[in-house]
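So the chains spell out like this:
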Amino acid sequence: MSIKITDECIGCSACETECPNNAIYESGVEWAMADGTSLKGTYVMMDGSAIEADQRNTPLSNDFYYIVPDKCTECQGFHEEPQCANVCPIDCCVTDEMYRETEAELLAKKEKLHV
Ligand code: SF4
Ligand code: SF4
């Protein structure tokens, strides 16, 4: 499962630099698959849509920090536990029930992000 940030976020930014996939963005900041990954060219997202890795995309939140589900691997392949949840002072990084993925799927995603 991906991790998501709830609206309790106080915007302290502690999580942002901890993410090995650059999956966390400040509110209102556009995101790209290529940020912090080795992706180039066309990338097929979890929902089957295709986007250019370096295209800037509409922020997923304009109110609090957010996580791009397609970039979150629950830190699999890097750390034993989700680093954002570990450092968040108010425990607002929680599992996102919308994205159920096995450990093998998360590791495969990590391999796709960092060729
Ligand atoms: S769980 Fe890990 S990969 Fe996912 S957003 Fe948090 S720090 Fe990034
Ligand atoms: S560490 Fe928690 S409170 Fe701070 S920006 Fe990240 S999600 Fe928000």
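Residues numbered from 1 in each chain as written. Chains lettered and ligands numbered in written order. Predicted model: local features only at pLDDT ≥ 70, side-chain atom pairs only at ≥ 80, totals over all residues. Heavy atoms only, no water.

In the nomenclature of an unreviewed UniProt entry, the protein chain corresponds to 4Fe-4S binding domain-containing protein from the organism Chitinophaga filiformis.

Would you take a moment to explain the overall build of the protein chain for this structure?
Within the protein chain one finds two helices and six strands. Counting helices and strands in the order they occur from the N terminus, the protein chain gives β-β-β-β-β-α-β-α. A globule of 115 residues ought to have a C-alpha radius of gyration of about 13 Å, and the protein chain, at 13 Å, matches this closely. Each of the three principal axes of the protein chain carries a C-alpha extent, and together these read 35 × 30 × 25 Å. Evaluated residue by residue, the protein chain yields a buried proportion of 43% over its 115 residues. Taking the contacts inside the protein chain whose residues are at least 6 apart along the sequence as the reference set, 73% of them involve residues at least 24 apart. A gap of 6 Å separates the mean positions of the 8 positive and 22 negative side-chain charges of the protein chain. (Helix = DSSP H or I, 4+ residues; strand = E, 2+ residues; numbered from the N terminus. Rg over C-alpha atoms; globule rule 2.2 N^0.38 Å. Buried < 20%, exposed > 50% of the residue type's maximum accessible area, 1.4 Å probe, protein only. Contact = heavy atoms within 4.5 Å. Lys, Arg positive; Asp, Glu negative; His and termini not counted. Charge placed at Lys NZ, Arg CZ, Asp CG, Glu CD.)

What is the right way to look at the site of ligand 2 in this model?
Looking at ligand 2, there are 13 residues lining it, with Cys9, Cys12, Ser13, Cys15 and Cys88 nearest. A per-class count over the shell around ligand 2 returns eleven nonpolar, two polar and no charged. (Near = heavy atom within 4 Å. Nonpolar A, V, L, I, M, F, W, Y, C, P; charged D, E, K, R; others polar.)

What is the right way to look at the site of ligand 1 in this model?
Surveying the vicinity of ligand 1 reveals the residues Ile3, Cys19, Pro20, Asn21, Ile24, Ile67, Cys72, Thr73, Glu74, Cys75, Pro82 and Cys84. Residue composition of the shell around ligand 1, by class: nine nonpolar, two polar and one charged.

Where do I start with the environment of serine 61 in this structure?
Assignment of secondary structure puts serine 61 in the loop between β4 (50–52) and β5 (66–67). In this structure, serine 61 is in contact with Ser27, Gly28 and Tyr66, ignoring residues within four places of it in sequence. From its side chain, serine 61 meets the backbone nitrogen of phenylalanine 64 in a polar contact 3.1 Å long. (Polar contact = N/O pair within 3.5 Å; in protein donor to acceptor, adjacent residues only side chain to side chain.)

Teacher, can you tell me more about the environment of aspartate 63 here?
If you trace the backbone, aspartate 63 turns up in the loop between β4 and β5. For aspartate 63, a relative accessible area of 66% corresponds to the exposed category.

It is not clear to me how the nonpolar core should be interpreted in this structure. Could you clarify?
A general tendency of soluble globular proteins is for nonpolar side chains to be buried together. Grouped together as the largest cluster of nonpolar side chains are 14 residues, with contacts concentrated most on Ile5, Ile24, Ile67 and Cys84. Setting aside residues no more than four positions away along its own chain, isoleucine 67 makes contact with Ser2, Ile3, Lys4, Ile5, Ala23, Ile24, Leu60, Cys72 and Cys84. (Core = buried A, V, L, I, M, F, W, Y, C linked by side-chain atoms within 4.5 Å.)

In this structure, what is going on with the packing of aromatic side chains? I would like to understand it.
Pairs of aromatic rings are described using the distance from one ring centre to the other and the angle between the two planes. As enumerated under the stated definition, the model contains one aromatic pair in all. Geometrically, the ring pair formed by tyrosine 25 and tyrosine 66 is stacked, given 5.7 Å between the ring centres and 15 degrees between the ring planes. Of this pair, tyrosine 25 sits in strand β2 (residues 24–25) while tyrosine 66 sits in strand β5, placing them 41 residues apart in sequence. The buried category is assigned to tyrosine 25, whose relative accessible area is 4%. Residue classification places tyrosine 66 among the buried positions, given a relative accessible area of 4%. Its end group placed over the ring of phenylalanine 78, lysine 110 keeps NZ or CZ at 5.0 Å from the ring centre. (Phe/Tyr/Trp six-rings, centres within 6.5 Å; stacked < 30°, edge-to-face > 60°. Lys NZ or Arg CZ within 6 Å of the ring centre and 35° of its normal.)

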